[in-house]
Amino acid sequence: MHWFLLGSFPDGVIGGLALNIVIAIIAFVASFLLGHLLAFGRISQIKLLRWACASYVELVRSIPLVIILFWFYFSIPILLNCTPSPILSGLMALSFYAAAYQAEYIRSGINTVSAGELDAARSLGLSRSTTLFQVILVQAHKRMLPTYASYFTSLFKDTSALYILGLVELMQAGLIVAERNPGEMFQVYMTMGSLFFI
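Scoring rules and cut-offs
Residues numbered from 1 in each chain as written. Predicted model: local features only at pLDDT ≥ 70, side-chain atom pairs only at ≥ 80, totals over all residues. Heavy atoms only, no water. Salt bridge = Lys/Arg side-chain N within 4 Å of Asp/Glu carboxyl O. Helix = DSSP H or I, 4+ residues; strand = E, 2+ residues; numbered from the N terminus. Buried < 20%, exposed > 50% of the residue type's maximum accessible area, 1.4 Å probe, protein only. Phe/Tyr/Trp six-rings, centres within 6.5 Å; stacked < 30°, edge-to-face > 60°. Axes fitted to C-alpha atoms, helices over the stretch in contact; angles between N-to-C directions. Parallel < 35°, antiparallel > 145°, perpendicular 65-115°, else oblique. Left-handed = near helix turned anticlockwise from the far one by under 90°. Contact = heavy atoms within 4.5 Å. Nonpolar A, V, L, I, M, F, W, Y, C, P; charged D, E, K, R; others polar. Patch = residues over 30% accessible without salt bridge, like charges linked within 9 Å, V, L, I, M, F, W, Y side chains within 5 Å. Areas by Shrake-Rupley, 256 points an atom, 1.4 Å probe, with all protein chains shown as cover. Polar contact = N/O pair within 3.5 Å; in protein donor to acceptor, adjacent residues only side chain to side chain. pLDDT = per-residue confidence, 0-100. Expected span 1.5 Å × (residues − 1). Bend = angle between axes of the 7 residues up to and from the residue.

This brings us to the pattern of salt bridges. Applying the stated criterion across every chain, the model contains four salt bridges. For arginine 42, the salt bridge goes to glutamate 58, with nearest N and O atoms at 4.0 Å. Remark: glutamate 58 occurs in helix α3 (residues 47-61) and arginine 42 occurs in helix α2 (residues 16-42); sequence separation between them is 16 residues. On the basis of relative accessibility, which here comes to 43%, the residue glutamate 58 falls in the partly exposed class. Across the pair arginine 107 and glutamate 104 runs a salt bridge, and its minimum N-O distance is 3.0 Å.

The next thing to look at is the packing of aromatic side chains. The geometry of an aromatic ring pair comes down to the distance between the two centres and the angle between the two planes. As enumerated under the stated definition, the model contains ten aromatic pairs in all. Ring geometry for tyrosine 105 and tyrosine 151: centres 5.4 Å apart, planes at 65 degrees, overall edge-to-face. Placement of tyrosine 105 in helix α5 (residues 86-111) and of tyrosine 151 in helix α7 (residues 128-158) is noted, with a sequence separation of 46 residues between them.

Relative orientation of the contacting elements α3 and α5 amounts to 120 degrees, with a least axis distance of 9 Å. With respect to α5, the element α3 is oriented oblique. Crossing of α3 over α5 shows left-handed handedness. Residue-level inspection shows Tyr56, Val57, Val60 and Arg61 of α3 in contact with α5, the latter providing Phe96, Tyr97, Ala99, Ala100, Tyr101, Ala103 and Glu104. Across the contact of α3 with α5, the residue classes tally to nine nonpolar, no polar and two charged.

On to a nonpolar patch on the surface. A contiguous nonpolar patch, built from Val66, Ile67, Phe70, Trp71, Phe74, Tyr163 and Ile164 and spanning about 570 Å² of accessible area, is present on the exposed surface. With respect to the helices and strands, isoleucine 67 occurs in helix α4 (residues 65-80).

This part is about the packing of helix α6 (residues 115-123) against α7. Close contact between α6 and α7 brings their axes to 11 Å; oriented N to C, the two are set at 155 degrees. Taken together, the axes of α6 and α7 are roughly antiparallel relative to one another. The crossing of α6 and α7 is right-handed. Of α7, the residues touching α6 (which contributes Glu117, Leu118 and Ala121) are Thr131, Val135, Ile136 and Gln139. Among the residues making up the contact of α6 with α7, the classes are represented as four nonpolar, two polar and one charged.

A C-alpha to C-alpha distance of 9.4 Å links arginine 42 and valine 57, two positions 15 residues apart in sequence. Setting aside anything within four residues of it in sequence, one finds arginine 42 in contact with Arg50, Cys53, Ala54, Val57, Glu58, Glu104 and Arg107. Here glutamate 104 takes part through its side chain, which lies 2.5 Å from a polar atom of the side chain of arginine 42.

Let's shift gears to the environment of threonine 159. Here threonine 159 shows up in the loop between α7 and α8 (170-180). On a C-alpha basis, the gap between threonine 159 and leucine 17 in space is 10.0 Å, while along the polypeptide they are 142 residues apart.

Per-residue confidence for the protein chain gives a mean pLDDT of 80; residues scoring 70 or more make up 82%. Confidence, read as mean pLDDT per element, is least for helix α1 (residues 2-6) in the protein chain (47) and greatest for α3 (93).

To continue, consider α4. Between its terminal C-alpha atoms α4 stretches 21 Å, which fits the 22 Å expected from 16 residues at 1.5 Å a residue. Bending of α4 peaks at approximately 40 degrees at the position of tryptophan 71. Of the positions making up α4, those classed as buried are Leu65, Ile68, Leu69, Phe72 and Pro77. Packing partners of the buried residues in α4 comprise α3, α5 and α7. Positioned one or two residues after α4, asparagine 81 has a phi angle of 55 degrees, which is positive.

Dropping the structure here:
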């Protein structure tokens, strides 16, 4: 069970379920911040910025995560002449991918705030930025909390795709255990499924 939860840690790098959780949290926070920028771009009055952000969101949401992982692990390092670690490539790919979804959630939350709130803020003499951050986003985030929680769960499950980069997260840890104990394959896969479910 230790291998499923922590991989080879403390004798080696952290892995297993703990690695999935750490990557999911970091990717969620990074994509949450990037998602705000994209959402602001999508509601911007600048037409070119609106178009660019909308194109990013629609393009990324139409591409499988596995393809994006390959881009960040194989293609982009070749173009930039660098060699990032698998975990860094995985984090960047997941954040890039999740930001497109987060942007839509945030934009939807902003759109749920009634026009009356905007009128009230303007009547008080609040600036556009103050209105956005202190009036609109506060209400939007409260309404979107269930959506954020649901998406974090989805993102956590998406971290299982990182095994293709060689990371020994829960999925890869389970495959290694299954190879070492062929007679216990059913129990191994049930354990993996149970840990993802929990």
